Amino acid sequence: MSKLTDETITISRLTSFSDGVFAIAVTLLVFNLKVPQIAEGDVHTLLSDRVLAMVPNFTTYIISFLLIAVYWTFHHRMLNLVTKIDSLFLWMNIGYLLLVSFIPFPAALYGSYPHELFSFIFYIIAMILVNGISMLMLGYASYKSRLVTKELPAAIVKYLFFRLNTTVFVFLLAIPIALYQQRWAVDFLFVLFPINWATKKYYKAIAQIL
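This structure is a prediction, so every number in the text was calculated from the model and none was measured.

Engineer: Could you clarify how one ought to interpret the overall build of the protein in this entry?
Structural biologist: When its secondary structure is counted, the protein shows 10 helices and 0 strands. When the elements of the protein are put in sequence order from the N terminus, they spell out α-α-α-α-α-α-α-α-α-α. Expressed as lengths along the three principal axes of its C-alpha atoms, the size of the protein is roughly 65 × 50 × 30 Å. Buried positions account for 40% of the 210 residues belonging to the protein. A sequence separation of at least 24 residues applies to 80% of the contacts in the protein between residues at least 6 apart. In the structure as shown, the protein presents an accessible area of about 11,900 Å², 69% of it carried by carbon and sulfur atoms. Measuring between centres, the 15 positive side-chain charges of the protein sit 14 Å from its 10 negative side-chain charges.

Engineer: Sorry if this is basic, but what is going on with the packing of aromatic side chains here?
Structural biologist: Remark: the centre distance and the inter-plane angle together describe each pair of aromatic rings, the angle taken between the planes. Counted under the stated rule, the structure contains 10 aromatic pairs. Aromatic side chains Tyr-180 and Trp-184 sit 5.5 Å apart centroid to centroid with 50° between the ring planes, which places their arrangement in the tilted category. Taken together, the aromatic side chains of Phe-102, Phe-105, Phe-118 and Phe-122 make up a single cluster linked through ring pairs. In this structure, Arg-146 is placed above the aromatic ring of Tyr-140, and the distance from its NZ or CZ to the ring centre is 4.1 Å.

Engineer: Help me understand the environment of Tyr-143, please; the structure alone is not making it clear to me.
Structural biologist: Relative to the assigned elements, Tyr-143 resides in the loop between α6 (117-142) and α7 (154-180). Accessibility expressed as a relative area gives 47% for Tyr-143, which makes it partly exposed.

Engineer: Mind showing me how you'd approach the side chain of Gln-182 here?
Structural biologist: Along the chain, Gln-182 turns up in helix α8 (residues 182-188). According to the relative accessible area criterion, Gln-182 is buried, its value standing at 11%. Polar side-chain contacts of Gln-182 include one of 3.0 Å to the backbone oxygen of Glu-116. Ignoring any residue separated from it by four or fewer positions in sequence, one finds Gln-182 in contact with Tyr-110, Pro-114, His-115, Glu-116, Leu-117, Ser-119, Phe-120 and Ile-177.

Engineer: What am I meant to see in the nonpolar core here?
Structural biologist: Generally speaking, soluble globular proteins have nonpolar side chains that are buried together. Ranked by size, the top nonpolar core spans 53 residues in total, and within it Tyr-71, Phe-89, Tyr-96 and Phe-120 carry the most contacts. Secondary structure elements with two or more residues in this core: α1 (11-30), α3 (55-81), α4 (87-102), α5 (104-112), α6, α7 and α8. Every residue in contact with Phe-120, bar those within four places of it in the chain, is listed here: Tyr-110, Ala-174, Ile-175, Ala-178, Gln-182, Ala-185, Val-186 and Leu-189.

Engineer: Teacher, can you tell me more about a nonpolar patch on the surface here?
Structural biologist: Together, Val-43, Leu-47, Val-51, Leu-52, Val-55 and Phe-58 make up an exposed nonpolar region whose accessible area comes to about 440 Å². Elements supplying a minimum of two residues to the nonpolar patch: α2 (43-52) and α3. If you trace the backbone, Val-55 turns up in helix α3.

Engineer: I tried to follow the packing of α4 against α5 on my own but got confused; where do I start?
Structural biologist: Geometrically, a packed helix pair is captured by the angle between its two axes and the distance between the axes. Running from N to C, α4 and α5 point in directions that differ by 25°, and their axes come no closer than 5 Å. Relative to α5, the element α4 is oriented roughly parallel. In contact with Val-100, Ser-101 and Phe-102 of α4, α5 contributes Pro-104, Phe-105 and Pro-106. Of the residues contributing to the contact of α4 with α5, the split by class is 5 nonpolar, 1 polar and no charged.

Engineer: Please clarify how α4 should be interpreted in this entry.
Structural biologist: Each turn of an α-helix holds 3.6 residues, which means side chains three or four residues apart point in the same direction. The terminal C-alpha atoms of α4 lie 23 Å apart, and with 16 residues this matches the ideal 22 Å at 1.5 Å per residue to within 8%. Buried residues of α4: Phe-89, Leu-90, Met-92, Asn-93, Gly-95, Tyr-96, Leu-97 and Val-100, and no others. The secondary structure elements touched by the buried residues of α4 are α1, α3, α5 and α6.

Engineer: Is there a simple way to think about unusual backbone geometry in this case?
Structural biologist: Located in the positive-phi region is Lys-144, a residue other than glycine, with phi close to 50°. As for its position among the elements, Lys-144 is in the loop between α6 and α7. Even without glycine at this site, Ser-145 takes up a positive phi of about 55°. Take Ser-145: it is sitting in the loop between α6 and α7. A relative accessible area of 23% places Ser-145 in the partly exposed class.

How each quantity is defined
Residues numbered from 1 in each chain as written. Predicted model: local features only at pLDDT ≥ 70, side-chain atom pairs only at ≥ 80, totals over all residues. Heavy atoms only, no water. Helix = DSSP H or I, 4+ residues; strand = E, 2+ residues; numbered from the N terminus. Buried < 20%, exposed > 50% of the residue type's maximum accessible area, 1.4 Å probe, protein only. Contact = heavy atoms within 4.5 Å. Areas by Shrake-Rupley, 256 points an atom, 1.4 Å probe, with all protein chains shown as cover. Lys, Arg positive; Asp, Glu negative; His and termini not counted. Charge placed at Lys NZ, Arg CZ, Asp CG, Glu CD. Phe/Tyr/Trp six-rings, centres within 6.5 Å; stacked < 30°, edge-to-face > 60°. Lys NZ or Arg CZ within 6 Å of the ring centre and 35° of its normal. Polar contact = N/O pair within 3.5 Å; in protein donor to acceptor, adjacent residues only side chain to side chain. Core = buried A, V, L, I, M, F, W, Y, C linked by side-chain atoms within 4.5 Å. Patch = residues over 30% accessible without salt bridge, like charges linked within 9 Å, V, L, I, M, F, W, Y side chains within 5 Å. Salt bridge = Lys/Arg side-chain N within 4 Å of Asp/Glu carboxyl O. Axes fitted to C-alpha atoms, helices over the stretch in contact; angles between N-to-C directions. Parallel < 35°, antiparallel > 145°, perpendicular 65-115°, else oblique. Nonpolar A, V, L, I, M, F, W, Y, C, P; charged D, E, K, R; others polar. Expected span 1.5 Å × (residues − 1).

So, in C-alpha cells, the structure goes:
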C-alpha cells in the first residue's frame, strides 16, 4: 500500500470530496421539514394552520440553503487560487467540511424552537465558525504565497477577506437585534445577499477574475 503524501492528494480530489459533503449538507436540510401529522377527520380544519406554523422552519431552510451555497462558492474560489496543498491545509479543509455538514443541526434546532434565544444564538455561532475557519484557510494559503502563486494580486485576497468579515459583522449584529425582536433578527440575515451582490459590483474587476 502506497503511503499518503501531500503530492498524492490533488486539488481536484479535494474539490470532489468537498462537493460531496456540500451536497449532503443541503440535502439534509430538507429532512428538517416534516409533513404535519393530523388525524384524518381534522385535516380540513387544521392543515393550513399547521403549515403556517412551519414558517420558521421554511425560513430557516431557505437562509441555511443560501448560506451553504455561499460557502460552497467561496470554497471553490479559494481552491481556484490554490496551486498546491499540504497536510495542514488538508485538515483545515476537513474541519471546514465538518462545520458545514453540522449546519443542518442548528438549522433544525432553530426551526423547532424559533422563539428561544439560545437556539438562534447557537445557529449564529455555527455560521460564524464556518466563516472563521474560512479565514484561517485563506490566510494560511496566501501568507507569503505558501499555497498560491506569487503572482496572485494581493487585492484578490483582501477582497475575499472583506467579504468574510462583512458576513461575520452581519451575524454578530443579528444577536442584539434578536435580543429586541428575534423574528426581525432572522429576516435581517437576508441582507447578506444584497450586501454580497453590492460588494461584487464595487469590486467588479476583482470579482470577474474569480
